[in-house]
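Take a look at the letters that make up each chain.
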Amino acid sequence: MTDKAVHIAFYPSNWLAGTRGLTPAETGVYITLVCMMYERQAPLPFEHARLARMCNCPAGTFKKILAVLLEERKLIETPEGLWQRRVEKEIGAARTAIDEASDRAKRAAEARWSKVKPQSDHREIVTVTPQSVEQQDAQHTPEKDNKNSNETMQSQCPSNANQNQNQRYNSSSSSSACAPADAEKSIPEGLIPKLTHALGFDLHGQVPKYWVTPEAGMIVGRWRSDLGLTDDEIVAVAVGSAKAHNGPANGPKVLNQAMARYAAEKSAPPLQPSSSTQPGHAADRPKGHGIRAQIPEKYRQ
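Note that the coordinates shown come from a computational prediction; the quantities given were computed from them, not determined experimentally.

## Quick word on the overall build of the protein chain
Link 1 in the chain: Within the protein chain, the regular secondary structure consists of twelve helices and two strands.
Link 2 in the chain: Across the 301 residues that make up the protein chain, the buried fraction comes to 23%.
Link 3 in the chain: Taking the intrachain contacts of the protein chain between residues at least 6 apart in sequence as the baseline, contacts between residues at least 24 apart amount to 65%.

Okay, structure coming up:
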């Protein structure tokens, strides 16, 4: 018997016709035994106690069911053990199909190798002819002279020299002029980690990418430079917004309005005492009718 797994064709109509008249218990024991035969690809030994346990059936009940299956010729007894002719037929057909598929794959592989082998066996023979002295002198390339001065280079390629100088000047001047502004608008050192820690991102996993992008750094930098907020004020506004909305903001851009409102309140003029003289105001009421007048004299301060 082969150790290869086999795929068995199952025909529902044939099975229903073959099991018609059997009880549910007999049908269950029958299909279990047949599956065990397909799995072993060999007859089952006459070990009634073990077969009863494999069928999850009491030994006495299994003995009665097995007698019915043998009497109905659903199963047969052979010198090797309990067996069924249909199982033997299906296993043979499955084994034949496996062998034929293996042969087809082997022939296809041999055909591919037969096409590749002549190409791999082919070898080109290359004859190397020594070069003459004249050929070697003609192919000789002088060493590159790296001692050319800047004046010689400019005289040979004036346009390229001027362009290179302009590029160096523009790059140096632009970097020096824009460095402070870009540094101020770039990711503020220490502020992004403070925000992400205060909002609890680094405590519960990876910090979302929308908090560590260059755009996020420029937005947070503007809170410092444009709105004049301190790091502690920025962190307090962000945490307050997270508590008010039951969760941190999806990126610093969402907090722009909250930061602007806080900056406006911060820069608002100080409050002044009210000078209202509307009727009913305390200033218009006669003395002795206020709350202080209702307090006994000895308790007044």
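Next comes the rest of the description.
## Some words on the nonpolar core
Side chains of nonpolar character tend, in soluble globular proteins, to be buried together.
Link 1 in the chain: In terms of nonpolar packing, the biggest core is built from 24 residues, with Leu33, Phe62, Leu69 and Leu75 touching the most fellow members.
Link 2 in the chain: Those elements that place two or more of their residues in this core are helix 2 (24-40), helix 3 (48-54), helix 4 (59-71), strand 2 (81-83) and helix 5 (85-121).
Link 3 in the chain: A total of seven residues in this core trace back to one element, the largest contributor, which is helix 2.
Link 4 in the chain: Residues contacting Leu33, with those up to four places away along its chain left out, are Leu44, Leu51, Cys55, Phe62, Leu66, Leu69, Leu75 and Leu82.

## Section: the environment of Asp226
Link 1 in the chain: The topology assignment puts Asp226 in the loop between helix 10 (214-225) and helix 11 (231-244).
Link 2 in the chain: Linking Asp226 and Ala263, residues 37 residues apart in sequence, is a C-alpha distance of 9.7 Å.
Link 3 in the chain: A distance of 3.2 Å separates a polar atom in the side chain of Asp226 from a polar atom in the side chain of Ser225.

## Let's talk about the environment of Gly92
Link 1 in the chain: Within the secondary structure, Gly92 sits in helix 5.
Link 2 in the chain: In sequence terms Gly92 and Gln41 are 51 residues apart; their C-alpha atoms lie 9.6 Å from each other.

## Here's the deal with the pattern of salt bridges
Link 1 in the chain: Under the counting rule described, the total for this entry stands at five salt bridges.
Link 2 in the chain: Between Arg85 and Glu88 there is a salt bridge, and its shortest N-O distance comes to 3.3 Å. Placement of the pair is Arg85 and Glu88 together in helix 5, with a separation of three residues, close to one helical turn.
Link 3 in the chain: Judged by relative accessible area, Glu88 falls into the partly exposed class, the value being 39%.
Link 4 in the chain: Note that Asp231 is salt-bridged to Arg224, the shortest N-O span being 2.8 Å.
Link 5 in the chain: Residue classification places Asp231 among the buried positions, given a relative accessible area of 18%.

## Observations concerning the layout of surface pockets
A probe as big as a water molecule, rolled over the atoms, marks out the empty space that is left.
Link 1 in the chain: By volume, the largest pocket amounts to about 410 Å³.
Link 2 in the chain: Around the largest pocket, the lining comprises 18 residues; the ones closest to its centre are Phe10, Trp15, Tyr38, Gln84 and Arg86.
Link 3 in the chain: For the lining of the largest pocket, the secondary-structure elements that each account for two or more residues are helix 1 (12-19), helix 2 and helix 5.
Link 4 in the chain: Sorting elements by how many residues they give to the lining of the largest pocket places helix 2 first, with five residues.
Link 5 in the chain: Split by residue class, the lining of the largest pocket holds ten nonpolar, four polar and four charged.

What counts, and at which threshold
Residues numbered from 1 in each chain as written. Predicted model: local features only at pLDDT ≥ 70, side-chain atom pairs only at ≥ 80, totals over all residues. Heavy atoms only, no water. Helix = DSSP H or I, 4+ residues; strand = E, 2+ residues; numbered from the N terminus. Buried < 20%, exposed > 50% of the residue type's maximum accessible area, 1.4 Å probe, protein only. Contact = heavy atoms within 4.5 Å. Core = buried A, V, L, I, M, F, W, Y, C linked by side-chain atoms within 4.5 Å. Polar contact = N/O pair within 3.5 Å; in protein donor to acceptor, adjacent residues only side chain to side chain. Salt bridge = Lys/Arg side-chain N within 4 Å of Asp/Glu carboxyl O. 1 Å grid on protein atoms, 1.4 Å probe; cavity = no way out; pocket = protein on both sides within 12 Å on 5 of 7 lines; lining within 4 Å. Points joined across faces, edges and corners; volume = space filled by probe spheres on them. Nonpolar A, V, L, I, M, F, W, Y, C, P; charged D, E, K, R; others polar.

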